[in-house]
Amino acid sequence: MVYLEYYIEKVVHMTILKLIKFLIFFTPIFFSAGFSSETDQLFALNKYIEDSTGPINEIINQNLIRAVEKANRKSYSCYKLTKNFAKEVGSGKNSLRDMPIRKNNSIDQIPRQSSNRETFYEDSIYYGLKRWDIGIGDNRFLSPTLEVNGVRLGADKISHITFIGLNYYKTFSFFLRRYKKKYSKDKALRKALEKAINFGVFQESTFTGKSRFVSGLFSFADMEANYQGLRLFYNICGSENPYVRKANGQWHIKNKVDITSYITPELDETYYPNYFRKSFWKKVKRNMLNYCNESSFKALAARKKYYSTFKKKSFSYYFLKEKIRKGKLNDPSRFTLENVCSKI
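Per chain, residues are indexed from 1 in the order of the written sequence. The predicted nature of this model means local features are confined to residues of pLDDT at least 70 and side-chain atom pairs, given and counted, to a pLDDT of 80 or more, with totals for whole chains, interfaces and linings taken over all residues. Side-chain descriptors were evaluated using all non-hydrogen atoms of the structure, hydrogens and water having been removed beforehand.

Caption draft 1: Summary view of the overall build of the protein chain. Think of it this way: any DSSP run of H or I at least four residues long counts as a helix, any run of E at least two long counts as a strand, and we number them from the N terminus. Within the protein chain one finds 12 helices and eight strands. Across the 344 residues that make up the protein chain, the buried fraction comes to 53%. Two residues form a contact once any of their heavy atoms are found within 4.5 Å. Residue pairs at least 24 apart in sequence account for 76% of intrachain contacts in the protein chain once pairs closer than 6 positions are excluded. For accessible areas, the Shrake-Rupley method is used with a probe of radius 1.4 Å. Any residue's cover is judged against the shown protein chains and nothing else. If you sum the accessible surface of the protein chain, you get close to 17300 Å²; carbon and sulfur atoms cover 54% of it. Partly exposed describes any residue whose relative accessible area lies between the buried limit of under 20% and the exposed limit of over 50%, with all areas from a 1.4 Å probe on protein chains only and scaled to the type maximum.

Structure below.
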């Protein structure tokens, strides 16, 4: 009888854990899938873009100030403070979601706000692809290109850092609490990171990426952005050198956030390419042929030379690289412009 009660309690506990994990992890996915964006960075290849580090940092730190003030009023824990900050910077009134960035005149981008953006889709490498439309046209899923710390990236990558990155952080935090009870600190951190990235692989393979109804591609740059979002949120008050510390019962900002700490060359899709579904790639490849010229090659070479000054790759990059080596993920290397043009 005692054993039966123990067994029933264990089954109930496992069911509750599964329900919690479903609610934590999958609810934001269904919401974000309908607003998934892609970026055509080849479109911006030879165009000047002013660096947007300053205005992005300003938005992040304004939201952090408000989050800390609210945390002190409501006696929030570190986790609740971070979630509140993430909610504001990812989807609040002054957020860094893709659509607000597109409308922000202080953030330079290609195509620019003053240009005719209705032609962006027709001129992009995605021309000819049709996806589920929520009523505002094909142009809705094309995100402009920005420049931050010399790295070219889509506005959608900033959105992945500040919005989808929260999913990574929740996953990471959930498993870190559990693993701390069984493993050393370093091992617990690593295993929790692996869980978060594997969750991202599932997400990018289904709801927000490779599905033919969403993007038709697996974006390794999106995966990098998600991981950098996890790092950002963990560093708010959970890491050994956080931006916010608690003293005498109150949270205090010790250092301002600098977005450049979370910007890597792997956010640039001309450098870290997507893997495309066969049916989608047929059309994208045809459009990419328009960039098979000396001007494009020179621009890419100059960008790669600059990117070579970034000496350190992320944990996520190496983790995904190992999955590719083991055949658990498709290799995206053949989808670069150089490989496309070499087949002409």
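Back to the text.
Caption draft 2: Examining the nonpolar core more closely. Membership of the largest hydrophobic core comes to 90 residues, with the highest contact counts inside it found for F172, I236, V244 and I263. In terms of residue count, the dominant contributor to this core is helix α6 (residues 155–179) (11 residues). Each residue touching I236, except ones within four places of it in the same chain, is listed here: L64, L81, T82, F85, P242, Y243, V244 and V257. Take the buried Ala, Val, Leu, Ile, Met, Phe, Trp, Tyr and Cys residues and link them wherever side-chain atoms come within 4.5 Å; each set so joined is a nonpolar core.

Caption draft 3: A look at the packing of helix α3 (residues 78–91) against α6. Contact geometry of α3 with α6 gives a least axis separation of 9 Å together with a crossing angle of 165 degrees. One way to sum up the angle between α3 and α6 is to call them roughly antiparallel. At the point where α3 passes α6, the crossing takes the left-handed sense. Of the residues in α6, those in contact with Y79, T82, K83, A86, V89, G90 and S91 of α3 are T162, F163, L166, Y169, K170, S173 and R177. Along the lines of polarity and charge, the residues of the contact of α3 with α6 split into six nonpolar, five polar and three charged. Helix axes are fitted only over the stretch in contact, all axes being lines through C-alpha atoms; the angle between N-to-C directions runs from 0 to 180 degrees. Put simply, angles under 35 degrees are roughly parallel, angles over 145 are roughly antiparallel, angles from 65 to 115 are roughly perpendicular, and the rest are oblique. Helix crossings are classified by the rotation of the near helix relative to the far one: an anticlockwise turn of less than a right angle makes the crossing left-handed, while a clockwise turn makes it right-handed. Charged residues are taken to be Asp, Glu, Lys and Arg, nonpolar residues to be Ala, Val, Leu, Ile, Met, Phe, Trp, Tyr, Cys and Pro, and polar residues to be all remaining types, Gly included.

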